Amino acid sequence: MQYIVALLGLGLSIDYSLLVVTRRREERAAGRSNDEAVRAAVKRAGHSVWFSG
């Protein structure tokens, strides 16, 4: 049972990190610098990840 819970947690964390990375890439494609893109990605996706976690 603990094995399944650990795998579920790992899967969710990977999914959430991919969401943030995707947002960062979108911001970079829009022409923002790397620092600005990271800030915008965390601002946009960070709330969703925090609330879901």
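For the structure, see preceding data.
Residues numbered from 1 in each chain as written. Predicted model: local features only at pLDDT ≥ 70, side-chain atom pairs only at ≥ 80, totals over all residues. Heavy atoms only, no water.

A.B. asks: Looking at this structure, how should I read the overall build of the chain?
C.D. replies: Secondary structure assignment for the chain yields 2 helices and 0 strands. Here the C-alpha radius of gyration of the chain, 13 Å, is well above what a compact globule of 53 residues would show, namely 10 Å. Expressed along its principal axes, the backbone C-alpha trace of the chain runs to roughly 45 × 15 × 15 Å. Within the chain, buried positions represent 9% of all 53 residues. Counting every atom, the chain has about 4,400 Å² of accessible surface; 62% of that belongs to carbon and sulfur. Taken together, the 8 basic and 5 acidic charged side chains of the chain have centroids lying 1 Å from each other. (Helix = DSSP H or I, 4+ residues; strand = E, 2+ residues; numbered from the N terminus. Rg over C-alpha atoms; globule rule 2.2 N^0.38 Å. Buried < 20%, exposed > 50% of the residue type's maximum accessible area, 1.4 Å probe, protein only. Areas by Shrake-Rupley, 256 points an atom, 1.4 Å probe, with all protein chains shown as cover. Lys, Arg positive; Asp, Glu negative; His and termini not counted. Charge placed at Lys NZ, Arg CZ, Asp CG, Glu CD.)

A.B. asks: Hey, could you run me through the environment of alanine 30 in this one?
C.D. replies: Looking at the secondary structure, you find alanine 30 in the loop between α1 (2-29) and α2 (34-52). For the pair alanine 30 and arginine 44, spaced 14 residues apart in the sequence, the C-alpha separation amounts to 14 Å.

A.B. asks: Help me out: how do you make sense of α2 in this one?
C.D. replies: Residues that lie three or four places apart on an α-helix share one face, since the helix turns once every 3.6 residues. Look at α2: 26 Å from first C-alpha to last across 19 residues, which is about the 27 Å you get at 1.5 Å a residue. Within the sequence span of α2, burial applies to Ala37, Ala40, Ala41 and Ala45. Its buried side turned inward, α2 meets α1. (Expected span 1.5 Å × (residues − 1). Contact = heavy atoms within 4.5 Å.)

Without other data, these values stay purely geometric and don't point to any function.
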